[in-house]
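Below, each chain spelled out in residue letters.
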Amino acid sequence: MHVFQLLIQVFVAGTLVWTSAAELVEYLRTRSRLVRTTAVVVGLEDGESRPGVKRRSTAFRFTTGDGRSFETTSSAQTWPGPKVGTSIPVVYDPERP
């Protein structure tokens, strides 16, 4: 029984190390091409993740270096959130803004 538990632990540890290493490699590979710019908050989207639990996501607009404009909503949630018209820093991948 101890051998089986040891094998399971080795498998789980190996999986964690492998996935962590893959995430790190992807982060380091994409980090060099990321671009920083400033976005403007254009709206706030309210919702509830569970009854009685409020969440607010920020909708913002930014312009890429080649002049294309994008409007998107942040996946991060906060309460109360920034005010509309506020400038916020944005980091984006020019291959997939």
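Here the structure is shown first, and the text comes after it.
Residues numbered from 1 in each chain as written. Predicted model: local features only at pLDDT ≥ 70, side-chain atom pairs only at ≥ 80, totals over all residues. Heavy atoms only, no water.

**Q** Explanation requested: the packing of aromatic side chains in the structure shown.
**A** Each pair of aromatic rings is reported with the distance of its centres and the angle of its planes. Inspection of the entire model under this criterion finds three aromatic pairs. Between the aromatic rings of Phe 62 and Phe 70, the centroid separation amounts to 5.9 Å while the plane-to-plane angle is 25°, which identifies the pairing as stacked. Geometrically, the ring pair formed by Phe 62 and Tyr 92 is tilted, given 5.2 Å between the ring centres and 40° between the ring planes. Here the residue Phe 62 occupies a position in strand 2 (residues 53–63), and Tyr 92 occupies one in strand 4 (residues 87–92), the gap between them amounting to 30 residues. Comparing Phe 62 with Tyr 92, the two get one shared label, buried. One aromatic cluster is present, formed by Phe 60, Phe 62, Phe 70 and Tyr 92 through successive ring pairs. (Phe/Tyr/Trp six-rings, centres within 6.5 Å; stacked < 30°, edge-to-face > 60°. Helix = DSSP H or I, 4+ residues; strand = E, 2+ residues; numbered from the N terminus. Buried < 20%, exposed > 50% of the residue type's maximum accessible area, 1.4 Å probe, protein only.)

**Q** Any chance you could explain the side chain of Ser 57 here in plain terms?
**A** Position of Ser 57 relative to the elements: it lies in strand 2. With near-sequence residues (within four places) excluded, Ser 57 lies in contact with Gly 43, Leu 44, Glu 45, Thr 73, Ser 74, Ala 76 and Gln 77. (Contact = heavy atoms within 4.5 Å.)

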